[in-house]
Amino acid sequence: MILPESLFLKAVKARKNAYAPYSKFKVGAAILSAKGNVYVGANVENVSYPCGICAETAAIAAMVAGGENLIQEIVIVADSKEIISPCGACLQRISEFSNQKTTIHLADLSGIKKSYTLGQMLPFNFDEESLRQ
Ligand code: THU
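Since the model is a prediction, treat every value here as computed from it, not as a measurement.

Rules behind the numbers
- Residues numbered from 1 in each chain as written.
- Predicted model: local features only at pLDDT ≥ 70, side-chain atom pairs only at ≥ 80, totals over all residues.
- Heavy atoms only, no water.
- Disulfide = S-S within 2.5 Å.
- Buried < 20%, exposed > 50% of the residue type's maximum accessible area, 1.4 Å probe, protein only.
- Near = heavy atom within 4 Å.
- Polar contact = N/O pair within 3.5 Å; in protein donor to acceptor, adjacent residues only side chain to side chain.
- Areas by Shrake-Rupley, 256 points an atom, 1.4 Å probe, with all protein chains shown as cover.
- Nonpolar A, V, L, I, M, F, W, Y, C, P; charged D, E, K, R; others polar.
- Pairing = 2+ DSSP bridges.
- Helix = DSSP H or I, 4+ residues; strand = E, 2+ residues; numbered from the N terminus.

Undergrad: In this structure, what is going on with the state of the cysteines? I would like to understand it.
TA: Here the structure, examined in full by the defined rule, presents zero disulfides. Summary of cysteine pairing: C51 is not part of a disulfide, and the nearest cysteine sulfur, belonging to C54, is at 13 Å. Free of any disulfide, C54 has its nearest neighbouring cysteine sulfur in C90, separated by 3.8 Å. A residue is classified by how much of its surface remains accessible, and C54, at 31% relative accessible area, is partly exposed.

Undergrad: I would appreciate a short explanation of the site of the ligand in the present structure.
TA: Contacts to the ligand come from S23, F25, V27, N43, E45, C54, A55, E56, I84, S85, P86 and C87. Between N43 and the ligand, the recorded distance is 2.9 Å, taken from a side-chain N or O atom to an oxygen atom. In the complex, 75% of the free accessible area of the ligand, which totals 370 Å², lies under the protein chains. The class makeup of the residues in the shell around the ligand is seven nonpolar, three polar and two charged.

Undergrad: Can you help me understand the pairing of strand β5 (residues 111-117) in this one?
TA: Remember that side chains alternate between the two faces of the sheet whenever the strand is regular. With six bridges connecting them, strand β4 (residues 103-108) and β5 associate as antiparallel partners. What sits directly across from I104, in β5, is Y116. The hairpin turn running from β4 into β5, its antiparallel successor, is two residues long.

Here it is as structure tokens:
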């Protein structure tokens, strides 16, 4: 079993490898999958700014490449005064791989500060139901 605190430490470690020369804002993410594995990501910026990807997106890509598609918990960490929230696009990406129990932990460098379900953070997600005609 992996505790949120050790998932937090993995996110902090991944954050150190963030490639953020333009914003100088490093973000780390660590996913605990439904099967109990950990997948990490960091933001990867690009000189063509819109090409950059968020830490959450990188961690989701690692999870999918690892053959999994359900997030149990995700920790997102940055060094900011106000704890950061995943951007809208990342919330939608998280929702693709979530269930009602999926928990999003928001952290600064000192630890997890707030925890929410995906439903709390994105109550009106676009899902398969929305595609029905
Ligand atoms: N960023 C993330 O990686 N995750 C978030 O939740 C918010 C923003 C990144 C994108 C960009 O590289 C930098 O932070 C500044 O926006």
